[in-house]
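The lines below spell out each chain.
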Amino acid sequence: MTATDRSMELINTAAQAAADKLAHDVVAYDVSDVLAITDAFLLASAPNDRQVKAIVDGIEERLLKELGAKPVRREGERDGRWVLLDYVDVVVHVQHSEERVFYALERLWKDCPELDLPADAEATRTKDAPRPDAAEDE
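Residues numbered from 1 in each chain as written. Predicted model: local features only at pLDDT ≥ 70, side-chain atom pairs only at ≥ 80, totals over all residues. Heavy atoms only, no water.

(A) Up close: unusual backbone geometry. Despite not being glycine, D25 has its phi angle at roughly 50 degrees, a positive value. Structurally, D25 can be placed in strand β1 (residues 24–30). (Helix = DSSP H or I, 4+ residues; strand = E, 2+ residues; numbered from the N terminus.)

(B) Quick peek at the packing of aromatic side chains. Overall, the coordinates contain 3 aromatic pairs when judged by the stated rule. With a centroid separation of 4.9 Å and an interplanar angle of 55 degrees, the aromatic rings of W82 and Y103 are classed as tilted. Taken together, the residues W82 in strand β4 (residues 82–86) and Y103 in helix α3 (residues 97–103) connect sequence positions 21 residues apart. Note on Y103: relative accessible area 40%, which makes it partly exposed. With a centroid separation of 4.9 Å and an interplanar angle of 85 degrees, the aromatic rings of F102 and Y103 are classed as edge-to-face. Here the aromatic cluster, defined as three or more aromatic residues joined through ring pairs, consists of W82, F102 and Y103. (Phe/Tyr/Trp six-rings, centres within 6.5 Å; stacked < 30°, edge-to-face > 60°. Buried < 20%, exposed > 50% of the residue type's maximum accessible area, 1.4 Å probe, protein only.)

(C) Region of the structure containing the sheet that holds strand β3 (residues 73–75). One open sheet accounts for 5 strands, arranged β1-β2-β5-β4-β3; its pairing is mixed. In this open sheet, the two edge strands, each paired with only one partner strand, are β1 and β3. The sheet shows a mean angle of 10 degrees between the axes of neighbouring strands, direction not considered. Where β4 and strand β5 (residues 90–96) come together, 5 bridges link them in antiparallel fashion. Its bridge partner being in β5, L84 is matched across the sheet by H93. (Pairing = 2+ DSSP bridges. Axes fitted to C-alpha atoms, helices over the stretch in contact; angles between N-to-C directions.)

(D) Region of the structure containing the pairing of β1. For β1, a buried count of 7 out of 7 residues is recorded, marking the element as mostly surrounded by other parts of the structure. Bridging between β1 and strand β2 (residues 40–46) involves 5 bridges; their strand directions are antiparallel. Note that in β2 the partner of D30 across the bridge is A40.

Below, the structure written as structure tokens:
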């Protein structure tokens, strides 16, 4: 099983919105083969809590405006260190850079296929420190 067209539409729109709000290290994984609850995860990070909130707000606004999608659940907003947006088909994780390194979600999903993202989102990978799973790849 692979991510649906709707999931890819949500992922690509969210990834572009994250890139537009200067997110770092935007990456997406197709988790449809290992999880029954969602098709894909989008991960993004920011160097401070304020930026995390701005990215989350940008993603929510863009998905609502362009695709009519509202999250069924939003968690972690109060602390601003790790906000999760659950759109059922996709789950978006926006993390403070320190949480991104500490929790290293990439390691959990490293066996899942990485999804192609818009060029702006792909370009965010050069803005942050190496991805937490990069050392394992060497």
